[in-house]
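Structural features, examined
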Amino acid sequence: MPRGTPRLLPRLTALVVAFLAVLVVLPLCRLVLVVWQEGRADIAPMAGSDGLRTAVWHTVALAAAVTLAAVPIGVTMALVLRRSDLPGRPFWQVAVLVPVLVPDFVLGYSWTQAYARAGFTDTLLGLRWAGIQGPLGVWLVLVVNAAPLVYLVVAVGLAARTEPDLERAARVSGAGPATTLLTVTLRLALPGVAAAAVLVFVLTLGTFAIPQVLGAPAGFSTVTTRIYANLSLGGDPTSFIEAITLALLLVIVAAVCVAPADALLAPRLRAVRGADTQGIPALPGRRAVRRAEAFGLAGYLFLTVALPLTALVLSSVTRALGLPPTPGNWTLAHFREVLTPRTFQALGRSLGLAVVAATVLVLLGALVAVIERARSGRAAATLITLTLVLPGSTLAVGLLITYGRWLSGTLTLILLAYLAKLWAFAHRPIAGALDRLPPDEMHASRASGARALTAVRTVALRPLAPALLGAWLVCFLSALHEVTMSSLLYGPGTETFAVVVLNSQELGRIGPTAALSVVLSLLVTVPAVLLFLAVGRLRPRPSRPPEHLPLEVARVG
Amino acid sequence: MSAEPALEVTDLVVSYDGTTALDRVTLSVRRGQVLALLGPSGSGKSTLLHAVAGFLVPAAGTVRLGGTTVAGDGRPVPPERRDLAMVFQNYALWPHLTALDTVAYPARRSGAGRAHARTEALEILERLRIAGLAGRKPAELSGGEQQRVGLARALARRPSLYLFDEPTAHLDTHVRGVFLAELVARQRDTGAAAVYATHDAEEALGLADQVALLHEGRLLQTGTPQQVYDQPADLFAARLSGPASVITAPDHDGGELLVRPGWARLGGPLKGELRAVWFRGPHSDYLVAGPLGELLIREPGPPQHEIGARVGWSLLRSWPLP
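Just so you know, the residues in each chain are numbered from 1, in the order the chain's sequence is written. A letter from A marks each chain and a number from 1 marks each ligand, given out in the order of writing. Only residues with pLDDT of 70 or above have their local features reported here, since the model is predicted, and side-chain atom pairs are shown and tallied only from 80 upward, although totals for entire chains, interfaces and linings are computed over all residues. Only heavy atoms go into the side-chain values, all of them from the structure, while hydrogens and water stay out.

So, the nonpolar core
Core analysis: the largest hydrophobic core is formed by 150 residues, its most contacted members being Phe-105, Tyr-151, Trp-423, Phe-497 and Leu-520 of chain A. Broken down by element, the residue count for this core peaks at 15 residues, all from helix 8 (residues 135–161) of chain A. Domain extents, as shown, originate in an automatic or database domain assignment. Both domains that furnish three or more residues to this core are identified here as domain 1 (36–278 + 300–330) and domain 2 (332–557) of chain A. Not counting residues within four places of it along the chain, the set of residues in contact with Trp-423 of chain A comprises Val-16, Phe-19, Leu-20, Leu-23, Leu-361, Leu-364, Gly-365, Val-368 and Ile-384 of chain A. Membership of the second largest hydrophobic core comes to 47 residues, among which are Ala-85, Tyr-91, Ala-134 and Tyr-196 of chain B. We call a set of buried residues a nonpolar core when its members are Ala, Val, Leu, Ile, Met, Phe, Trp, Tyr or Cys and they connect through side-chain atoms within 4.5 Å of each other. Each residue's exposure class comes from its accessible area (1.4 Å probe, protein chains only) as a fraction of the maximum for that residue type: buried when under 20%, exposed when over 50%, partly exposed otherwise. Helix numbering and strand numbering both begin at the N terminus, where a helix is a DSSP run of H or I of at least 4 residues and a strand a DSSP run of E of at least 2. Residue contacts are defined here by distance: any two heavy atoms, one from each residue, within 4.5 Å place the two residues in contact.

Section: the domain arrangement of chain B
Residue and element names in this part refer to chain B. Domain boundaries in chain B define domain 1 (7–236) and domain 2 (243–320). Relative placement of domain 1 and domain 2: their C-alpha centres are 38 Å apart. When a carboxyl oxygen of Asp or Glu is within 4 Å of a side-chain nitrogen of Lys or Arg, the pair counts as a salt bridge. Summed over the shared surface of domain 1 and domain 2, the number is one salt bridge. One salt bridge connects Arg-317 with Asp-230, and the closest N-O pair in it is separated by 3.6 Å. In protein, a polar contact means a hydrogen-donor-capable atom and an acceptor-capable atom, both N or O and within 3.5 Å, with residues adjacent in sequence counting only if both atoms are side-chain atoms; elsewhere, any N or O pair within 3.5 Å suffices. Run the count over domain 1 and domain 2 and you get two residue pairs in polar contact (both at pLDDT 80 or more). The element contributing the most residues to the side of domain 1 that touches domain 2 is helix 7 (residues 225–230), with three residues. Class assignment of the residues belonging to the side of domain 1 that touches domain 2 gives a composition of four nonpolar, one polar and one charged. Only Asp, Glu, Lys and Arg are considered charged in this grouping, and only Ala, Val, Leu, Ile, Met, Phe, Trp, Tyr, Cys and Pro are considered nonpolar; every other residue, Gly among them, is considered polar.

Some words on the environment of Thr-326 of chain A
Relative to the assigned elements, Thr-326 of chain A resides in the loop between helix 14 (287–317) and helix 15 (333–338). Residue Thr-326 of chain A is classed as partly exposed on the basis of its relative accessible area of 38%.

What to know about unusual backbone geometry
Residue and element names in this part refer to chain B. Residue Asp-11 is not a glycine yet carries a positive backbone phi of 50°. Summarising the element assignment, Asp-11 is placed in strand 1 (residues 7–16). Given a relative accessible area of 41%, Asp-11 falls into the partly exposed group. Positive phi is not limited to glycine here, since Glu-166 has a value of about 45°. Of note, Glu-166 is situated in the loop between strand 7 (161–165) and helix 5 (173–190).

Topic: the sheet that holds strand 7 of chain B
All names here are of chain B. Pairing in this open sheet of six strands is mixed, and the strands run 6-7-8-3-9-10 from one edge to the other. Unpaired on one side and paired on the other, strand 6 (84–87) and strand 10 (218–223) mark the two borders of the sheet. Here the strands of the sheet are splayed against their neighbours by 15° on average, with no regard to which way each runs. Whether two strands pair depends on DSSP finding at least two bridges between them. Pairing analysis gives four bridges linking strand 6 to strand 7, with the strands arranged parallel. Following the sheet pairing, Ala-85 is matched in strand 7 by Tyr-162. Interaxial angle, 0 to 180 degrees, is taken between N-to-C directions of lines fitted to C-alpha atoms, where a helix line uses only the stretch in contact.

Things to note about the sheet that holds strand 2 (residues 19–29) of chain B
Residue and element names in this part refer to chain B. What the four strands build is an open sheet, ordered 2-1-4-5; its pairing is antiparallel. A strand with exactly one partner marks an edge of an open sheet, and here the two such strands are strand 2 and strand 5 (68–71). Recorded for the sheet is a direction-independent mean angle of 30° between the axes of neighbouring strands. As judged from the three bridges shared by strand 4 (residues 60–65) and strand 5, these two strands associate in the antiparallel manner. Paired with Leu-65 across the bridge in strand 5 is Thr-68.

Section: the interface of chain A and chain B
Tallying the contact residues gives 24 residues for chain A and 24 residues for chain B. Accessible area that two parts lose when put together, with a 1.4 Å probe and added across both, is what the buried area reports. Carbon and sulfur atoms supply 63% of the area that chain A and chain B bury against each other, a total of about 1,900 Å² over both sides. Joining chain A to chain B, the criterion identifies one salt bridge. We note a salt bridge from Glu-80 of chain B to Arg-171 of chain A, for which the minimum N-O separation is 2.6 Å. Across the chain A-chain B interface, the total number found is six residue pairs in polar contact (both at pLDDT 80 or more). Secondary-structure elements contributing two or more residues to the side of chain A that touches chain B are helix 9 (164–172) and helix 10 (177–205) of chain A.

Below, the structure written as structure tokens:
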């Protein structure tokens, strides 16, 4: 491993610590301080208020319910997609990730276009489902959105830990397929499953867009939507203090729920060794079973993703609400209406922000990956991993009260928020790739006469390229998707495109919102697909563990 | 006891997406016999074992265990219902189970209660002299210990046929011999048949009743270890089954002769020059170059001659290559 010169490493570590202080530690301290100083008198009555308690209860219950449903679905996906004899496997492997690629609030909105009153199924078949706008709808869409995440984490764990021979040994010891699944496969996947559950739980605690789009109109409030309401609607100091208190409460809830789980899991997860992420089926299965599995997958994806997104596209081109989405009623008027110079400005801002954020984040992520190889840098790296638990709303409020005096409503503040929120997301894939780089390859390079930097450039960079590019892609997409923090931090003339879409959704302009959502989805999907292909081509030799698109791809909100 | 062979493989064909991994392989193993599958890596040894175990479905041909067709006739019998056990090259021990629970696993699957299965497992571990490791998980065991647990797990299954897939490949040399002796002794105790895959000729010749030579998915030759060593079917088979030199026949008929290292002696009418000498401990190997070609001669004791010395030699026996 590149050790750096003795003097360089402490400097890099100091740099990381400084960044960490500015982006995370100071804002959090400021939160605590403000609540302590200004809120002491107000907090007691506020903490007793029904609205606040309901919001906290909703948030925790929702996170638990989403975790309970998303984990079995994601585990099933991982088990089914592991089978190389699954008909159409390469297609399904990409298709299940679509809910992660499409921004979550676009997915949520597309469900209303598909299943709500005057939606697709209502117009065509007279089938509608009123509950979509409410807790049940929020829960369902969050589950659909979280399942691919569970799939990714569990699939990586399965591939790394279950060598096919372990299952073969069970079969040849007399265990049938079901017993083998229970006593060996799932048992070995358990740490991955637990990690996925913790991840989903934490991300759901901090999720904002879907509760806002589907829950808020029905009066279903969570901590994040309440913070948003307090900051964007209520102008009085009390609601400001309440927002700050909620932001602090959210991170405390997250920490309390996650700390025990993380303490249990962290050592085991770190030991995961790289392996062929494809996973090899130990035994052939029955073709009929495989076909049924593919069928089930197709049905699930059709109902949860394909139909809603189709409905979204159709409502973006259909002249008016309630008209059947037939070609006779098609028009591009909605697109003409929304694609104004202001929209293009927002689009440009979003792209610029995302590119800058992703580039800086890859540098920061790589920096941490390098410093944590020395003991002095390990604590900083651990702190950065812990920021995964920080809900976006908390970070945004903290940054706002710390730097708002100078930066309120500027793109700089939004950029700082992105950097703080996504740092861990950039760090993890790079650190993982660095861990898997066989040290002997670097040793061989040095022994062949290369200096440290030359060795990095000639030997390490190429195998790390997919991880670097993957990290860039994750950050870029996440920044484009981001609304939780952007919607709290934007000011006049600094709306990001995602905020424009969200505001349009709240105004209830169906056709234009659908058109904007389609534009945003394309904006996200096209570079994602292109870069995905690039990452695939950069993938070195087949023996090296492929960089799976890092786990926490989208649900940053 | 029926007279049916423990294992009978007929015209077995296995292909992986387009490439043929096994091409019409036919062989059989009688009860109590050990068949060594000898071949270089990629020759299809593991594939053959996997087809016998039921881990893959052959494209054609049949597999019969104790007279019962398990593949090739209707739906293949799944591995858990085939009367066999397997020891894997990479041990394949479950990381979450202790040695005791690993060895108790087969008994549990055949319906025994936990306590009973554990008692039985402990007996087997005692027989292998590793009862002290019963509470350990694979990560806390050395390679040799892990493979003993793997063997104990196979013994716990009490099968009629053992499949050994290069079980010593990952073991250190000094552990290897001890483990191999143990394995053969235990398997012979049970009276069951065994198929032993290996790329090590010495191992194969030393433990097997029958040796089958595999090359690129085809069976080159089957026979007793001595037949395979003394009368190999061709040059490849000769090289596979041990050190071999090929020289021109001295009687001027232009044919080629296979000479094993012990089939020639230093001293004699034939002339040559010493190209290389290796001290091997109990014996020394001499590479002699002469008008008939180069050949390896093995003599007991330390080296007697310097490199470059002119030596005489004599041919004791040889095998004409086809």
